[in-house]
Amino acid sequence: MRENIPWWKSGILYQIYPRSFQDSDGDGVGDLRGIIQRLPYLHELGVDALWLSPIFPSPMEDFGYDISDYIGIDPLFGTLDDFDALVAAAHDFGLKVILDFVPNHTSDQHPWFVESRSSKDNPKRDWYIWRDGRDEGGPPNNWLSEFGGSSWEFDERTEQYYYHAFLRAQPDLNWRNPEVRQAIHDVMRFWLRRGVDGFRVDVMWHLIKDDLLRDNPPNPDFTPDRQPYERLLPLYSTDRPEVHAVVAEMRQVIDAFDDRVLIGEIYLPPDKLVAYYGRDLAGAHLPFNFALISTSWTAQAIAELIDGYEKALPPGAWPNWVLGNHDRRRIASRVGADQARVAAMLLLTLRGTPTLYYGDEVGMPQVEIPADRVRDPFEQNLPGIGVGRDGCRTPMPWDATPHGGFSAVDPWLPLDTNFARNNVATEREDAASMLSLYRALIDLRRKRPELTLGSYRLVSVAGDLLVFKRGYRGQRVLVALNLGGASIALTAATMSLRGRVLLSTFMDRQAETTDGTLELRGAEGIILEPPE
Ligand code: GLC
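Residues numbered from 1 in each chain as written. Predicted model: local features only at pLDDT ≥ 70, side-chain atom pairs only at ≥ 80, totals over all residues. Heavy atoms only, no water.

## What about the pairing of strand E15 (residues 488–491)?
How we decide: For each residue, the accessible area found with a 1.4 Å probe, counting protein chains only, is set against the maximum for its type, and the residue is called buried under 20%, exposed over 50%, and partly exposed in between. Note on conventions: DSSP H or I runs of at least 4 residues are helices, E runs of at least 2 residues are strands, and numbering of each starts at the N terminus. Pairing between two strands is assigned when DSSP locates at least 2 bridges connecting them.
Residues Ile488 and Leu490 line the buried face of E15, whereas the alternating positions Ala489 and Thr491 sit on a face that is not buried. Across four bridges, E15 lies against strand E18 (residues 517–520) in antiparallel orientation. Among the inter-strand pairings, Ala489 is bridged to a residue of E18, identified as Glu519.

Take a look at the structure:
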């Protein structure tokens, strides 16, 4: 079934936050050797590719999203040899390896920036975005950092400001400079030659800024409970038309190698997001679709966003769906433990490549982080308004032993207090666990081309009920999800309900047949196979 279908279309991606997956050397932080130890688990789970949050040398001001050497491995995670061993071992299991790549900015410790800031006439000066302040004083324009405050930092030595979309320790590269493009392309080739199967490009929509550095307009919808960054609309600082040429060039670098994938991290509404597929689809293969992360959890809202996204896709563009990542609140806490099972079924039955976030498959919740253990600079900059990301980056619970089998010592972030109950080892033994549900869903998705490759059609949305069909070459399945807590009786009046239950989120109705009526319990989802 999968001939001629690229792996990133038929496959399932799995994001690993390396600091929190498996510690192999007893320092409380996960590492590459740890990931190698856990490859059999990922194989058993049935995913096709892992994408790793950054593992490059970094002062870790933003936990690796501040890179000081693009072509090395931070000693915290291991060595280049460990990396090669990981790629080889993953490939032996049939797993692809995707690197998180951060070309928008470097660390202020990166030698390029150290040079750039050393003098106005340094050859690398123009590798970053340096400007004089306004005549009347103050930064060059009103742009804000996503992490709070102005995005311009005054540098005493040369008396100019540099631009940083995130922390001041993360100066933005100047992507208008061809030398920068060349240097980054070389870095990409370095890793592609080492065998990586693709990149997830960090903040892709930030890469190019307005050449005139025009002020951003105020956001008319801003309310004081929002993050300060949202005070302005980032009209001139992000999503500039020129970014698409930059992405197309990256794609060319990728395309010189067989079978690699280019994924973009892009937080934009569907109409703007899909532009990142590029003209003639020569941009990102998968501009990450985060719509499910921010939607209100109702049947109506979800049906509408699927419809809006499907309609926005350019002809031939392949969709994708994401439920969570290392920047957003965990799905199990966002929608509750019961609905998290419905969410799992939704993610794995929608049309398009699904991305799982490590730990969601065992129902990991957002962990409450005591004030004295906060590590995230976003939270440290803007305490108490709920922007902290530590709670979704906590160690993977492998078993009920101290520190959850993650580490021999107290980990860098605390585990969920429930880890002794909700962990891989206990859930593996429980046929109705979240882990068993994920495994069954993945298994079904693999076996059924209609789930992997088939068309999507909304059948019904009413109250808490969402029903859709997936079809491929005459084969069909029906997915019925109850987004509410009360049971719903479905009748054949609205749809054909004759058939066999392939899977229920409760894991207890497999092979049940229906003859025209179907009752969904509260927070139940089922996949039904029609007769013939
Ligand atoms: C991306 C990353 C996030 C990081 C930011 C700055 O949004 O996902 O973790 O802090 O970029 O690099």
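## Concerning the site of the ligand
The following threshold applies: Throughout this document, a residue counts as near a molecule or strand when at least one of its heavy atoms sits within 4 Å of that molecule or strand. Two N or O atoms form a polar contact when they lie within 3.5 Å of each other; inside protein one atom must be a possible hydrogen donor and the other a possible acceptor, and for residues adjacent in sequence the pair counts only when both atoms belong to side chains. Here the open area of atoms and residues is found with the Shrake-Rupley method and a 1.4 Å probe, where only the protein chains shown may cover a residue.
Close to the ligand lie 14 residues, the nearest being Asp62, Asp202, Glu265, His326 and Asp327. In the model, an oxygen atom of the ligand is placed 3.1 Å from a nitrogen or oxygen of the Arg200 side chain. A distance of 2.8 Å is found between an oxygen atom of the ligand and a side-chain nitrogen or oxygen belonging to His326. For the ligand, the accessible surface in isolation is 310 Å², of which the surrounding protein chains cover 96%.

## Points about the packing of aromatic side chains
The geometry of two aromatic rings is summed up by the distance between their centres and the angle between their planes. Heads up, the condition is: In this scheme Phe, Tyr and Trp rings, the latter by its six-membered ring, pair at centre separations within 6.5 Å, and the angle between planes marks the pair as stacked below 30 degrees, edge-to-face above 60, and tilted otherwise. Consider the ring centre and the ring normal. A charge sits over the ring if Lys NZ or Arg CZ is within 6 Å of that centre and within 35 degrees of that normal.
Under the defined criterion, the tally for this structure stands at 30 aromatic pairs. With centroids separated by 5.6 Å and ring planes inclined at 40°, the aromatic side chains of Tyr70 and Trp112 adopt a geometry described as tilted. One end of the pair, Tyr70, is in the loop between strand E2 (49–52) and helix H4 (80–92); the other, Trp112, is in helix H5 (residues 111–118), and 42 residues separate them in sequence. The same class applies to Tyr70 as to Trp112, namely buried. Chaining the aromatic ring pairs together yields one cluster made of Tyr14, Phe21, Tyr41, Tyr357, Tyr358 and Trp398. Taking NZ or CZ as reference, Arg351 lies 5.8 Å from the ring centre of Trp318, over its face.

## Concerning the nonpolar core
What counts here: In this description, a nonpolar core means a group of buried Ala, Val, Leu, Ile, Met, Phe, Trp, Tyr and Cys residues linked to one another through side-chain atoms lying within 4.5 Å. We call two residues contacting when some pair of their heavy atoms lies within 4.5 Å.
Of all hydrophobic cores here, the largest spans 162 residues; its most connected members are Tyr14, Leu42, Phe199 and Leu346. No other element matches helix H12 (residues 337–349), which puts eight residues into this core. Those residues in contact with Phe199 that lie beyond four places of it in its chain are Ile98, Leu99, Phe101, Met188, Trp191, Leu192, Ile254, Val261, Leu262 and Ile263. Counting twelve residues, the second-largest nonpolar core is a separate cluster that includes Leu490, Leu497, Leu520 and Leu528.

## A word on the environment of Gly133
Within the secondary structure, Gly133 sits in the loop between strand E4 (130–131) and strand E5 (152–155). A sequence separation of 29 residues divides Gly133 from Tyr162, and the C-alpha atoms of the two residues are 9.9 Å apart. Gly133 has contacts with Gly138, Pro139, Pro140 and Tyr161, leaving out every residue within four places of it along the chain.

## Description of the sheet that holds E5
Read from one edge of the open sheet, three strands run E4-E6-E5, paired in antiparallel fashion. Pairing within the sheet leaves two strands with one partner each, and these edge strands are E4 and E5. In the sheet, E4 pairs with strand E6 (residues 160–163) via two bridges, with the strands oriented antiparallel. Paired with Trp130 across the two strands is Tyr162, which belongs to E6.

## Some thoughts on the packing of helix H6 (residues 178–193) against helix H7 (residues 243–255)
Threshold: Working convention: axes come from line fits to C-alpha atoms, limited for helices to the stretch in contact. Angles between N-to-C directions cover 0 to 180 degrees. It is the rotation of the near helix from the far one that decides the hand of a crossing: anticlockwise by less than a right angle makes it left-handed, clockwise makes it right-handed. Ten residues, namely Ala, Val, Leu, Ile, Met, Phe, Trp, Tyr, Cys and Pro, are considered nonpolar, four, namely Asp, Glu, Lys and Arg, are considered charged, and the remaining ones, Gly among them, are considered polar.
Two elements in contact, H6 and H7, have axes separated by 10 Å at closest approach and are oriented at 30°. In this structure, H6 crosses over H7, and the sense of that crossing is right-handed. Residues Arg181, His185, Met188, Arg189 and Leu192 of H6 lie in contact with H7, whose contacting residues are Val246, Glu249, Met250, Val253 and Ile254. Its residues assigned to classes, the contact of H6 with H7 shows six nonpolar, one polar and three charged.

## Some points on the pattern of salt bridges
Cut-off, in case you're wondering: The term salt bridge refers to a side-chain nitrogen of Lys or Arg lying within 4 Å of a carboxyl oxygen of Asp or Glu.
Within this structure, the stated rule accounts for 36 salt bridges. The partner of Arg351 in a salt bridge is Glu310, and the shortest N-O contact between them spans 2.9 Å. One end of the pair, Arg351, is in the loop between H12 and strand E11 (353–357); the other, Glu310, is in helix H10 (residues 299–312), and 41 residues separate them in sequence. Here Arg351 and Glu310 have matching classes, each one buried. With its nearest N and O atoms 2.8 Å apart, the salt bridge here joins Asp360 to Arg330. Highlighted residues: Asp360 in the loop between E11 and helix H13 (377–381) and Arg330 in the loop between strand E10 (320–322) and helix H11 (331–335), separated in sequence by 30 residues. By relative accessible area, which is 1% here, Arg330 ends up buried.

## Observations regarding H10
Stated formally: Residue count minus one, scaled by 1.5 Å, sets the expected span of a helix.
Compared with the 20 Å implied by 1.5 Å per residue over 14 residues, the 20 Å span of H10 between its first and last C-alpha is a close match. The elements touched by buried residues of H10 are helix H8 (270–273), helix H9 (291–294), E10, H12, strand E12 (455–462) and strand E13 (465–472).

## A closer look at the packing of H12 against helix H15 (residues 434–447)
Applied cut-off: Should an angle fall under 35 degrees it is taken as roughly parallel, and over 145 as roughly antiparallel, whereas 65 to 115 is taken as roughly perpendicular and any remaining angle as oblique.
Running from N to C, H12 and H15 point in directions that differ by 15°, and their axes come no closer than 10 Å. Our classification of the angle between H12 and H15 gives roughly parallel. Here H12 and H15 pass one another in a crossing that is right-handed. Facing H12, whose interface residues are Ala340, Arg341, Ala344, Met345, Leu347, Leu348 and Thr349, H15 presents Met434, Leu437, Tyr438, Leu441, Ile442 and Arg445. Its residues assigned to classes, the contact of H12 with H15 comprises ten nonpolar, one polar and two charged.

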